[in-house]
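Residues per chain, in single letters:
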Amino acid sequence: MMEANGPKLLGASYKDPISSFDLFYRFSLENQEVYWSMVLKELSLKFQQEPKSILDTSDRSKKGGAWLQDALLNIAECCLLPWPSQNRTDDSTAIVWRDEGCDDHQVNHISLKELRSQVMTVANALDTMFQKGDRIAIDMPMTCNAVILYLAIVLGGFVVVSIADSFAPQEISTRMDVSKAKAVFTQDFIIRGGQKIPLYSRVMQGTSCKAIVIPANGGYLGVTLRNGDISWKDFLSQSAGRSSVYSPFYKSADALTNILFSSGTTGKPKAIPWTQLGPIRAAADTWAHMDVRPQDIFCWPTNLGWVAGPIVLYSCFLSGATLALYHGSPLGRGFCKFVQDAGVSILGTVPSIVKSMKAGNITEGLDWTKLRVLATTGEASHIDDDLWLSSRTSYKPIIECCGGTELASAYIQGSLLRPQAFGAFSGASMSTGFVILDEQGTPYPDDIPCAGEVGLFPLYFGATDRLLNADHDMVYFNGMPTFNGRQLRRHGDIIQRTVGGYYIVLGRADDTMNLGGIKTSSVEIERVCNRADGSLLETAAVSIKPTGGGPEHLAILAVLKDRSTSYDVNFLKSKFQRAIQKNLNPLFKVSYVRIVPEFPRTASNKLLRRILRDQLKQELSNHSKL
């Protein structure tokens, strides 16, 4: 795109895509209508009614602007159509998958035509049970059936309610109630890591809504259904006798398609509505930053209950790539062999998966040379783990991504046209602007190393303009400063700009601690402590405020690689102290060290430091009373 449009847009200053990348990024930020009008043509987007404008900023009450006004489309239909410019035909492979335990079997394939037919069958069955606009939950692993179901709900003009399959009954109940879901699709069991984990029983405890239950093994259900619930087979039979052709339900670009939930790192999960703009933003960013191309095979083990699930789904189907799904645990050799056998060319991970792969050396002997791009998100990456992962693929680049469910994308990430550094970000996403704020809320200059809370420019294609169970303005804008005439949008990350111009996310604003009058982040301390001893799997740093007042105390919790061994806590404390004094600040003092079997995490694997902090405070309070 830069080669075709760079000379026209940037004039004499344009040289080539790499040399002129920063200029083009700045152009995309300052000329969003031009940038997005070009990007929309790169994706398989079919408008039933073309938008009258790309961006309208005339209504100042809409802090994020109005995007694609008057457009009518169905984003699921766009995923299912042949697209000549992407060489996508009915015979193109839409999905490849394999079940856990079938590692020596052939990889399964489904063509675009077969996918479209199955989606239409499910949409026809949905029409017999629900009214347009009804909210329908999916609580199951991201299998081929789950993807078909997701697309069918959107194609039919209903709304997906995303619930992660790891949730306890109370968490399921909260999300069903907040979303006002009419029914839930689920599985009888989850087959993962050689275990058969009950799922339908949790759903039954969590909601009285009708459940449609899919057998995990593809055959007969392994559970007895309660009155009112039905099997997947009986559900599909509802479409018998109906036309095999289905007419999509067209809606405005800002119409609701999916209700997702925040991960809950800061407490009660926020109900986040995705419109048809979110899928476009998601696919546009992976196209621009990860170079997702037609005929790529894209695998990212995740779940439709988390934002990464819909992002990967739309990134494949709107760019002409094939979606690769492994029905099982990504922590075993079976998943790694699937990556090889499926010919995966783009692989997404989270750092904890990479750490587990490295610890077990489970890629040994496998051929991952077809991989050309790696990506990671979810938490701070470990540089040594990134180096190991890249080495498995003959040192292919790793694109770091950091964003949010409410943004439908990463606001900061790497790019194949920018230099990369392990564990760091190259810069803002295309068309995205941000500043780093000091403690007074004043932006630092763009060209100096610094650290502080990020403030996003509010004109952000795909970002939310409402929440279902909270005040959107209060959550994202209240108290934020104005920059260039517009109020900045809150995201909550503390980020650092390094001397070399890279960026590192230091954690959430509520993970910042004040040690001896110096502000630092948990992630910064953990980076140093993780390297302090070879027996460590991971560490977590939190600060504890004494009950009687006074300076915050630094506490470090550690998980050992071999949890059956004993370790001298005082010796470990001295190692942490030396590492912090040498690599961070000699004034930081380690007050407490605890060895624990594991850390509490959200279902999307984010570390819950607030729970560790609360547990440690309670423990120290009890000790103080004694």
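This structure is a prediction, so every number in the text was calculated from the model and none was measured.

**Digging into the overall build of the protein**
Phase 1: A count of helices and strands for the protein gives 18 helices and 33 strands.
Phase 2: Taken against the 2.2 N^0.38 rule, which gives 25 Å for 626 residues, the C-alpha radius of gyration of the protein at 24 Å falls within 12% of a compact globule.
Phase 3: Seen along its three principal axes, the alpha-carbon backbone of the protein occupies a region of about 75 × 65 × 50 Å.
Phase 4: The buried share of the protein, reckoned over its 626 residues, is 55%.
Phase 5: A fraction of 67% describes how many contacts in the protein between residues 6 or more apart in sequence connect residues 24 or more apart.
Phase 6: Total accessible area on the protein is roughly 25700 Å²; 50% of this is exposed by carbon and sulfur atoms.
Phase 7: Looking at charge distribution, the protein has the averaged site of its 64 positive side-chain charges lying 2 Å from that of its 61 negative ones.

**Things to note about the domain arrangement of the protein**
Phase 1: Once the domains are mapped, the protein shows domain 1 (72–506) and domain 2 (511–624).
Phase 2: The C-alpha-based centres of domain 1 and domain 2 are spaced at 31 Å.
Phase 3: Facing the 26 residues of domain 1 at the interface are 18 residues of domain 2.
Phase 4: Across the domain 1/domain 2 interface, buried area totals approximately 1700 Å², and carbon plus sulfur atoms make up 51% of it.
Phase 5: One can count one salt bridge joining domain 1 with domain 2.

**Some points on the pattern of salt bridges**
Phase 1: Counting across every chain of the model gives 24 salt bridges.
Phase 2: For the salt bridge of Glu77 with Lys46, the shortest nitrogen-to-oxygen distance reads 3.1 Å. Taken together, the residues span a long stretch of sequence, with Glu77 in helix 4 (residues 75–80) and Lys46 in the loop between helix 3 (32–42) and strand 1 (53–56) at a distance of 31 residues.
Phase 3: Looking at Lys46, the relative accessible area reads 30%, which means it is partly exposed.
Phase 4: Here Lys132 ties to Asp127 by a salt bridge, and the two come within 2.9 Å at their closest N and O atoms.
Phase 5: Look at the salt bridges and you will find they share partners, linking Arg98, Asp104, Lys337 and Asp341 into a network.

**Some points on the pairing of strand 31 (residues 536–544)**
Along any regular strand the residues' side chains alternate between the sheet's two faces.
Phase 1: Of all nine residues in strand 31, nine are buried; the element is thus mostly enclosed.
Phase 2: The pairing of strand 31 with strand 32 (residues 553–560) spans eight bridges and is antiparallel. When the sheet's bridge partners are listed, Leu536 is paired in strand 32 with Leu560.

**A word on a nonpolar patch on the surface**
Phase 1: Nonpolar side chains collect at one region of the surface, where Ile383, Leu387, Tyr395 and Phe422 lie side by side and expose about 380 Å² of accessible area between them.
Phase 2: Note that Leu387 resides in helix 14 (residues 383–391).

**Thoughts on the pairing of strand 8 (residues 183–187)**
Phase 1: For strand 8, a buried count of five out of five residues is recorded, marking the element as mostly surrounded by other parts of the structure.
Phase 2: Along strand 8, one buried face is formed by Ala183, Phe185 and Gln187 and the opposite face, lined by Val184 and Thr186, is buried too.
Phase 3: Both strand 6 (residues 135–139) and strand 8 contribute to a ladder of four bridges, which runs parallel. Bridge pairing in strand 8 places Ile136 opposite Ala183.
Phase 4: Here strand 8 runs beside strand 11 (residues 210–214); their pairing, made up of five bridges, is parallel.

**Details of the environment of Gly305**
Phase 1: Within the secondary structure, Gly305 sits in the loop between strand 16 (297–299) and helix 11 (308–317).
Phase 2: On the accessibility criterion, Gly305 (4% relative accessible area) is buried.
Phase 3: Put simply, Gly305 and Ile259 are 46 residues apart on the chain and 9.5 Å apart in space, counted from C-alpha to C-alpha.
Phase 4: Apart from residues no more than four positions distant in its own chain, Gly305 is found in contact with Ser162, Ile163, Ala164 and Leu260.

**Here's the deal with the side chain of Ser415**
Phase 1: With respect to the helices, strands and loops of the structure, Ser415 is situated in the loop between strand 21 (409–413) and strand 22 (427–428).
Phase 2: Judged by its relative accessible area of 0%, Ser415 is buried.
Phase 3: When residues no more than four places from it in sequence are discounted, the contact partners of Ser415 are Phe21, His289, Ile399, Gln420 and Ser426.

**Looking at helix 12 (residues 333–341)**
Structural remark: α-helix, 3.6 residues per turn; residues separated by three or four positions point the same way.
Phase 1: Those residues of helix 12 lying buried are Gly334, Phe335, Cys336, Phe338 and Val339.
Phase 2: Tucked into the core, helix 12 has its buried residues touching strand 4 (93–99), strand 16, strand 17 (322–327), strand 18 (346–349) and helix 13 (351–360).
Phase 3: Of the residues one or two after helix 12, Gly343 is the one with positive phi, at around 70°.

**As for the layout of surface pockets**
Phase 1: By volume, the second largest pocket is sized at about 840 Å³.
Phase 2: In this structure, the second largest pocket is lined by 33 residues; those nearest its centre are Tyr25, Arg26, Leu29, Gly433 and Phe434.
Phase 3: Sorting the residues of the lining of the second largest pocket by element identifies helix 2 (21–30), helix 3, strand 22 and strand 23 (434–437) as the ones contributing at least two each.
Phase 4: Top element by residues in the lining of the second largest pocket is helix 2. It accounts for five residues.
Phase 5: Classifying every residue of the lining of the second largest pocket by side-chain character gives 17 nonpolar, eight polar and eight charged.

**Describing the sheet that holds strand 27 (residues 489–497)**
Phase 1: If you walk across this open sheet you meet the four strands as 23-24-27-28, and the pairing is antiparallel. Two strands in the sheet have a free side with no partner beyond their single neighbour: strand 23 and strand 28 (503–508). Neighbour-to-neighbour, the strand axes of the sheet open up by a mean angle of 40°, direction not taken into account.
Phase 2: The pairing of strand 27 with strand 28 spans five bridges and is classified as antiparallel.

**Looking at the packing of helix 5 (residues 112–127) against helix 6 (residues 144–155)**
Phase 1: As a packed pair, helix 5 and helix 6 sit with axes 8 Å apart at the nearest point and diverge in direction by 60°. Our classification of the angle between helix 5 and helix 6 gives oblique. Note on packing geometry: the crossing formed by helix 5 with helix 6 is right-handed. Across from Leu115, Gln118, Val119, Met120, Val122, Ala123 and Leu126 in helix 5, the residues of helix 6 making contact are Ile148, Leu149, Leu151, Ala152, Ile153 and Leu155.
Phase 2: For the contact of helix 5 with helix 6, a count of residues per class yields twelve nonpolar, one polar and no charged.

**Here we look at helix 2**
Phase 1: Residues of helix 2 that are buried: Phe21, Phe24, Tyr25, Phe27, Ser28 and Leu29.
Phase 2: In this structure, the buried residues of helix 2 make contact with helix 1 (2–10), helix 3 and strand 22.

**Points about the UniProt feature "transmembrane region" (unreviewed entry) in the protein**
Phase 1: The positions UniProt marks with the feature "transmembrane region" (unreviewed entry) are residues 142–164.
Phase 2: A distance of 10 Å separates the end C-alpha atoms of residues 142–164, which is 52% helix and 17% strand.

**Some words on the nonpolar core**
One broad trend across soluble globular proteins is that nonpolar side chains are buried collectively.
Phase 1: Within the largest apolar cluster, 141 residues are counted, with the highest numbers of intra-cluster contacts made by Ile95, Phe317 and Tyr411.
Phase 2: With eleven residues, helix 6 is the largest single contributor of residues to this core.
Phase 3: The next biggest cluster of nonpolar side chains, apart from the first, holds 25 residues, and it includes Phe335, Cys336, Leu371 and Leu389.

The rules we used
- Numbers given for residues are sequential positions, taken from 1 along each chain in its written order.
- Side-chain atom pairs in this predicted model are given and counted only at pLDDT of 80 or more, local residue features only at pLDDT of at least 70, and totals for whole chains, interfaces and linings cover all residues.
- Hydrogens and waters are ignored; side-chain quantities use all the structure's heavy atoms.
- The helix and strand labels rest on DSSP assignments: H or I over at least four residues marks a helix, E over at least two residues marks a strand, and numbering proceeds from the N terminus.
- Only C-alpha atoms enter the radius of gyration, while the globule expectation follows 2.2 Å times N to the 0.38, with N the number of residues.
- Working definition: with a 1.4 Å probe on protein chains only, accessible area under 20% of the residue-type maximum means buried, over 50% means exposed, and in between means partly exposed.
- Any pair of residues with heavy atoms lying within 4.5 Å of one another is described as a contacting pair.
- Residue-level accessible areas treat just the shown protein chains as cover; the underlying method is Shrake-Rupley with a 1.4 Å probe.
- Charge convention: Lys and Arg are scored as positive, Asp and Glu as negative, and His as well as the terminal groups of each chain are ignored.
- Charge positions are represented by NZ for Lys, CZ for Arg, CG for Asp and CD for Glu.
- Either an automatic procedure or a domain database provided the assignment from which the domain bounds are taken.
- Values labelled buried area give the accessible surface lost by two parts on being combined, using a 1.4 Å probe and summing over both.
- A side-chain nitrogen of Lys or Arg and a carboxyl oxygen of Asp or Glu constitute a salt bridge if their distance falls within 4 Å.
- Here, a strand pair is defined by DSSP locating no fewer than two bridges between the strands.
- Only residues whose relative accessible area exceeds 30% and that form no salt bridge enter a patch; like-charged residues are grouped when within 9 Å of one another, and nonpolar side chains (Val, Leu, Ile, Met, Phe, Trp, Tyr) when within 5 Å.
- Only protein atoms enter the calculation, which uses a 1 Å grid: trapped sets of points that fit a 1.4 Å probe without letting it out are cavities, open sets showing protein on both sides within 12 Å along at least five of seven lines are pockets, and any residue with an atom within 4 Å of a point is a lining residue.
- Grid points are joined across faces, edges and corners, and a volume is the space filled by probe spheres set on the points.
- Polar here means any residue other than Ala, Val, Leu, Ile, Met, Phe, Trp, Tyr, Cys and Pro, which are nonpolar, and Asp, Glu, Lys and Arg, which are charged; Gly is therefore polar.
- Between N-to-C directions, angles span 0 to 180 degrees; the directions come from axes that are lines fitted to C-alpha atoms, helices contributing only their stretch in contact.
- Roughly parallel refers to an angle under 35 degrees, roughly antiparallel to one over 145, roughly perpendicular to one between 65 and 115, and oblique to any angle outside these ranges.
- Note: crossing handedness is left-handed where the near helix turns anticlockwise from the far helix by less than a right angle, and right-handed where it turns clockwise.
- UniProt positions are given in the numbering used here, feature names are shortened, and annotations may be inferred rather than shown by experiment.
- Take the buried residues of types Ala, Val, Leu, Ile, Met, Phe, Trp, Tyr and Cys, join any two whose side-chain atoms come within 4.5 Å, and each joined set is a nonpolar core.

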